Amino acid sequence: LATAGTANAATELVVNGSFENNVISSSWAALSSVTGWTSSASGNSAFEIQKGATQGGQGGFNPVAAAGTQYLELNAASLTSVSQSIATTAGGTYALSFAYSGRPDTPGGASSLMNVYWGSTLLTPTSLIGTTSGVWQSYSQNVSALGSSTLLRFESIGPVSAPTYGSYLDNVSVMAAVPEPESYAMMLLGLGLLGFMARRKTAA
């Protein structure tokens with residue numbers, strides 16, 4: 001039973017979900033790599049990290065980061081996606097959550113649009129539209145895994161008219177939502193042993 005309880009303990013599965021590992025000194029920076037994440041773009045502008053309240057390198061915007069001091073902007077130089085392979089167990093259920101926001105200074109007020117995929121499943125049949133008011137929005141959903149790893153991917157699909165302006169992303173989290181199948185097996189085994197010991201004590 002103790003083993004089953006340990007297996008059921010919540011563990012954060014996303015690496016660098018708040019984009020704090022690659023510390024930047026300015027208000028924003030284009031990077032070729034970011035710990036834990038893969039970009040569909042390549043080169044020195046594969047990722048763009050923002051810091052504090054100076055979104056797009058301009059001051060006066062809100063919010064600051066949803067968690068920590070840094071956050072990611074999709075679309076450093078073009079429409080891009082970022083992804084991370086999450087260690088999962090087939091049949092396991094996981095709690096996915098993240099914060100997102102639209103960039104408030106897009107030309108013509110164009111919307112920042114983003115799709116989110118869990119493996120091959122599109123979780124957002126209606127694209128997420130980040131507000132331009134500088135307020136973080138939150139998203140959460142329970143998802144199921146089919147194998148030992150699942151790709152979590154955030155895909156920018158707009159604004160097409162201004163592809164260097166993208167959605168902001170922060171505080172990405174994936175945690176086991178319910179006991180994994182092996183946890184149930186361990187728990188049943190523990191209950192069986194307790195029942196066997198109780199019967200032996202009664203017989204004695």
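Above this text you will find the structure in question.
Let me begin by describing the structure that accompanies this report.

How each quantity is defined
- Position numbers for residues start from 1 in each chain and track the written sequence from start to end.
- The predicted nature of this model means local features are confined to residues of pLDDT at least 70 and side-chain atom pairs, given and counted, to a pLDDT of 80 or more, with totals for whole chains, interfaces and linings taken over all residues.
- Just so you know, side-chain values use all the structure's heavy atoms and leave hydrogens and water out.
- A run of H or I in DSSP becomes a helix once it reaches four residues, and a run of E becomes a strand once it reaches two; helices and strands are each numbered from the N terminus.
- Residue burial is assigned from relative accessible area. The probe radius is 1.4 Å, only protein chains are included, and a residue is buried under 20% of its type maximum, exposed over 50%, and partly exposed in between.
- Contact definition: two residues touch when any of their heavy atoms are within 4.5 Å.
- When DSSP finds two or more bridges between a pair of strands, those strands are recorded as paired.
- The angle between two axes is taken between their N-to-C directions and runs from 0 to 180 degrees, where each axis is a line fitted to C-alpha atoms and a helix contributes only its stretch in contact.
- The term nonpolar core refers to a set of buried residues drawn from Ala, Val, Leu, Ile, Met, Phe, Trp, Tyr and Cys, joined through side-chain atoms within 4.5 Å.

Assigned secondary structure in the chain consists of two helices and 12 strands. The helix and strand sequence of the chain, counted from the amino end, reads α-β-β-β-β-β-β-β-β-β-β-β-β-α. Out of the 204 residues belonging to the chain, those deemed buried represent 41%. Partitioning the contacts of the chain with sequence separation of at least 6, the portion at a separation of at least 24 is 73%.

Turning to the sheet that holds strand β1 (residues 28-31), a few remarks are in order. Sheet architecture is open: six strands sit in the order β1-β3-β4-β12-β6-β10, paired in antiparallel fashion. In the strand order of this sheet, the two ends are held by β1 and β10 (137-144), each with one partner. Ignoring which end each strand starts from, the neighbouring axes of this sheet average 35° apart. In this structure, strand β4 (residues 70-73) lies alongside strand β12 (residues 168-176), joined through two bridges in antiparallel fashion. Bridging across to β12, Leu72 finds its partner in Leu169.

Before going further, it helps to spend a moment on the pairing of strand β3 (residues 47-51). Burial analysis of β3 places four of its five residues in the buried class, the great majority of the element. Here β1 runs beside β3; their pairing, made up of four bridges, is antiparallel. Each bridged residue has a counterpart across the sheet, and for Ala29 the counterpart in β3 is Ile49.

As a further point, take the nonpolar core. The nonpolar side chains of soluble globular proteins are, as a tendency, buried together. Counting residues in hydrophobic clusters, the biggest one holds 31 residues, and the most contacted among them are Trp37, Phe98, Leu152, Phe154 and Val172. Those elements that provide at least two residues to this core are β1, β3, β5 (81-87), β6 (93-101), β7 (112-118), β10, β11 (149-158) and β12. With four residues, β6 is the single largest residue contributor to this core. With residues near it in sequence (within four places) discarded, Trp37 still touches Val14, Val15, Asn16, Gly17, Phe19, Phe47, Val82, Ser83, Gln84, Phe154 and Val172. Among the nonpolar cores identified, the runner-up in size contains five residues, and Ala65, Ala99, Trp136 and Tyr168 belong to it.

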